[in-house]
Each structure stands twice: as C-alpha cells, then as structure tokens.
Amino acid sequence: YVTKEVKEKWVTKKSSNIEVYDGDETTYTVNGTQYIKRDYDNLIDRIFGLESIKTEAKDSKDAEQLKKIDWFNLVTTPLYFKKLDNKTQRALLIFAVDDYDISQIEMSEPLEHLMQENTFDDVKKQIKSEITSLKKKIETNNVKISTFQNDIDTLVCPKCGVSYKDAHQDVIDKKVNGFEKENKSLLKQQTLQESLLAETELVEKEYLVRLDEKVRDVFQEVAFISIIDENMNPTLQIEFKDQVGHWVNMENGINTGDGILRLALFMVYLKMIMLIPQSIIFFDSLETLDETNFRELISMQEQVLGTQVKNKLKTLSKYNIQEGL
C-alpha cells in the first residue's frame with residue numbers, strides 16, 4: 001500500500017497565537033511506514049522494476065530527452081504517454097526498440113567520422129557554424145582588399161613624387177593576390193562544407209525511413225507508429241485500430257473509452273518490450289473501470305498478443321494488475 005500525501009503546513013510563530021500558512025508538506029508512506037523522499041523514490045523504483053531501466057536511460061544517447069520522463073507515471077498511467085511532447089515520445093520509442101545503426105547507411109568518410117560521437121542535429125549545427133565562419137572570413141578579406149585599394153589611390157610616394165600605386169604596382173598586386181588566394185581556398189572549404197551538409201540531410205532522411213520501418217515492425221501488433229519527416233523536423237504519428245479494424249489517429253480517437261483501453265494495451269506492450277514489470281496501471285481519465293472494461297482489455301490483449309498472453313501478462317483488476325489470470 002503506497003501513498004503520497006500533500007498537506008498544508010500551518011505554524012504558530014513566536015510571540016503570536018495566530019497560525020500562518022508555511023507551505024505544503026508531503027508525506028511518503030509504504031505499507032504504513034513513513035519514508036523520506038529519496039528512500040521512497042528508491043523503494044518505488046524497486047517495486048515497479050524501474051531501477052535498471054533508469055540506469056539504461058542515463059546511458060542512452062537520448063539521455064537528456066529521457067530525463068523529462070516521470071517513469072513512475074509512465075508505467076502506471078496510460079494517458080501519461082499521450083501528454084509527453086513529441087520529441088520525448090519519439091526518444092522513448094527509439095530507446096525501447098534500440099536505435100537504428102547508422103553505420104549501415106553508406107556515407108562519406110568525413111561524415112562517418114563526425115557521426116561517431118554526435119547526433120544529426122549536432123553535426124548540422126557544427127557544419128553550419130563552420131560555413132558561417134568561412135563566409136565571414138571571405139567577407140572580411142573582401143573589405144580588406146577594398147579598403148587597401150582605396151587607401152592606395154590617395155597615397156603619393158614621398159621619394160619619387162608620383163602616386164604610390166604607379167610606383168609600387170608589383171607590391172600592391174602581391175598583397176591583393178594574397179587576399180584573393182586566401183579567399184579562393186576559403187571558398188573551396190565552404191563548398192565542401194555545403195556538400196557535407198547536403199549529404200548529412202540526405203543520410204538523415206534515409207536514417208528516418210529505416211528507423212520508421214523498425215519502429216513500425218515492432219509495434220504493428222498494437223499500433224501504427226510512423227516517424228514523419230517534416231522539413232528535417234521529425235514528428236511522431238500514432239494510430240490505433242478501432243473496433244471495426246480501422247486506423248484511428250491517436251489525437252482524434254484516444255478520448256473515447258475504447259481509445260483509452262487501446263492506449264492502455266499499447267503501454268502494456270511497451271512495458272513488455274522494455275522488460276518493465278507490469279505492476280500497477282491507474283486509469284486516471286475513466287470515471288469508472290468496470291468488469292466490462294477489464295474483460296475488453298484482456299480480450300484485446302489475447303487478440304493482439306496471442307493466447308500466450310495469459311503466461312506473460314497480469315490480470316487487470318479495479319485499480320491494479322494482479323498475478324495470474
């Protein structure tokens with residue numbers, strides 16, 4: 001029996017008999033024993049089998065994105081997944097099915113080297129920054145050439161009495177040629193970086209296609225999940241089958257009772273893939289969860305996951321899933 005109780009804290013200050021509000025106080029209790037928050041969180045992680053998954057998440061390449069997840073809510077509240085932002089949902093699915101190995105995609109050696117320690121976003125930012133830097137250097141050199149030539153036109157050689165330009169054309173040409181030669185090299189580097197950026201975007205599109213196929217293959221039994229590339233800003237689309245077998249968009253169809261049960265089934269399946277114990281599921285948006293709802297979810301589990309679900313899953317009861325069917 002686990003509780004987290006929040007109460008207002010009222011205190012009586014010195015030299016006064018009047019109680020004043022002093023913030024909220026949270027009490028954490030497990031089976032009648034009170035715990036401090038840190039110990040309570042650790043105990044909850046053990047009860048719900050979250051210790052190993054949290055450790056894996058910290059070591060994941062999407063660790064920063066996964067830090068946004070309240071894992072307790074994820075495994076106990078089906079609708080919590082829907083409330084996550086699109087990037088976090090996507091990071092969670094990739095974390096669950098393992099990322100697609102980009103080394104399987106053909107790419108140039110420079111890009112392969114960059115992708116060893118970086119994400120696509122990191123690489124694109126790095127390349128764009130380099131292109132901007134090169135453009136600024138070229139622009140600076142052009143200003144230097146223009147300024148130098150303007151200054152030369154106004155100078156007169158003190159020894160010979162003629163314009164400096166006429167007396168020292170060879171020196172002037174050498175200096176200008178130096179700037180132009182440097183600009184030519186910079187422009188070549190800029191062209192290479194622009195080609196590398198274009199290649200990065202093509203490889204990223206190919207990666208998203210293959211990742212999309214991998215995620216869809218894993219979840220095709222319970223949901224149709226697609227990672228959509230919209231102008232190199234991948235979004236996530238999730239659909240569930242309705243009672244007549246039609247695909248229904250998650251946002252449009254999940255608010256019905258049947259939709260919530262299907263989202264619950266998806267979460268059961270997600271936890272199986274991530275090897276998280278089924279433990280407890282709370283339905284925070286259903287006014288009542290009667291025996292019909294229980295039986296419907298169990299029926300959906302058996303239809304989608306097969307009759308072996310009886311050996312793999314736990315039976316849904318009023319507010320929890322208990323051992324055995």
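For the structure itself, look to the data block above.
Report on the accompanying structure. On a predicted model such as this, the values are computed, not experimentally measured, just so you know. (Residues numbered from 1 in each chain as written. Predicted model: local features only at pLDDT ≥ 70, side-chain atom pairs only at ≥ 80, totals over all residues. Heavy atoms only, no water.)

What the protein contains, in helices and strands, is 14 helices and 8 strands. The burial tally for the protein puts 38% of its 325 residues in the buried class. When the accessible surface of the protein is totalled, it reaches about 20000 Å², and 48% of it is carbon and sulfur. (Helix = DSSP H or I, 4+ residues; strand = E, 2+ residues; numbered from the N terminus. Buried < 20%, exposed > 50% of the residue type's maximum accessible area, 1.4 Å probe, protein only. Areas by Shrake-Rupley, 256 points an atom, 1.4 Å probe, with all protein chains shown as cover.)

All right, on to the sheet that holds strand β4 (residues 224-228) then. Strand order in the open sheet formed by 3 strands is β4-β5-β6, with antiparallel pairing between adjacent strands. For this open sheet the edge positions go to β4 and β6 (247-249), each flanked by a neighbour on one side alone. Pairs of neighbouring strands in the sheet enclose a mean axial angle of 30°, with direction left out of account. Sheet analysis places strand β5 (residues 235-241) next to β6, joined by 3 bridges and oriented antiparallel. (Pairing = 2+ DSSP bridges. Axes fitted to C-alpha atoms, helices over the stretch in contact; angles between N-to-C directions.)

Now for the packing of helix α6 (residues 86-97) against helix α12 (residues 257-273). Relative orientation of the contacting elements α6 and α12 amounts to 45°, with a least axis distance of 9 Å. With respect to α12, the element α6 is oriented oblique. Viewed along their axes, α6 and α12 form a crossing whose handedness is left-handed. For the pair α6 and α12, contact is made by Leu 92, Leu 93 and Ala 96 and by Phe 266, Leu 270 and Ile 273, respectively. Residues belonging to the contact of α6 with α12 are distributed by class as follows: 6 nonpolar, no polar and no charged. (Parallel < 35°, antiparallel > 145°, perpendicular 65-115°, else oblique. Left-handed = near helix turned anticlockwise from the far one by under 90°. Contact = heavy atoms within 4.5 Å. Nonpolar A, V, L, I, M, F, W, Y, C, P; charged D, E, K, R; others polar.)

What follows is about the pairing of strand β2 (residues 19-30). The sheet contact formed by β2 and strand β3 (residues 33-35) spans 3 bridges and is antiparallel. Bridging across to β3, Tyr 28 finds its partner in Tyr 35. Here β2 hands over to β3 after 2 residues, with Asn 31 in that stretch at a positive phi of 50°.

The next point concerns the packing of aromatic side chains. Throughout the structure, instances matching the rule amount to 9 aromatic pairs. Ring geometry for Phe 219 versus Tyr 269: centroids 6.0 Å apart, planes at 75°, classification edge-to-face. Linking Phe 219 in helix α10 (residues 169-219) with Tyr 269 in helix α12, this pair joins segments that are 50 residues apart in sequence. By the ring-pair criterion, three or more aromatic residues cluster together here, those being Phe 81, Phe 219, Phe 240, Phe 266 and Tyr 269. (Phe/Tyr/Trp six-rings, centres within 6.5 Å; stacked < 30°, edge-to-face > 60°.)

A positive phi angle, close to 75°, is found at Asp 98, a residue other than glycine. Assignment of secondary structure puts Asp 98 in the loop between α6 and α7 (109-115). Of note, the phi angle at Leu 275 is positive, near 60°, even though the residue is not glycine. Along the chain, the position of Leu 275 falls in the loop between α12 and α13 (291-305).

This next bit is on the nonpolar core. Counting residues in each nonpolar core, the largest one holds 65 residues, and the members touching the most others are Trp 71, Phe 81, Phe 219 and Phe 266. Dropping the residues within four chain positions of it, Phe 266 is found in contact with Phe 81, Leu 93, Phe 219, Val 222, Ala 223, Ile 225 and Phe 240. Core analysis: the second largest hydrophobic core is formed by 5 residues, Ile 145, Ile 172, Val 176 and Phe 179 among them. (Core = buried A, V, L, I, M, F, W, Y, C linked by side-chain atoms within 4.5 Å.)

Within the secondary structure layout, Gln 193 lies in helix α10. Along the primary structure Gln 193 and Ile 127 are separated by 66 residues, whereas in three dimensions their C-alpha atoms are 6.3 Å apart. Setting aside residues up to four positions removed in sequence, Gln 193 forms contacts with Ile 127, Glu 130, Ile 131 and Leu 134.

With 17 residues, α12 ought to run about 24 Å at 1.5 Å a step, and its terminal C-alpha atoms sit 25 Å apart, in line with that. Judged by how many residues are buried, α12 sits mostly within the fold: 14 of 17 residues are covered. Backbone geometry just downstream of α12 places Leu 275 in the positive-phi region, at approximately 60°. (Expected span 1.5 Å × (residues − 1).)

Function cannot be read off these values alone, since they describe shape.
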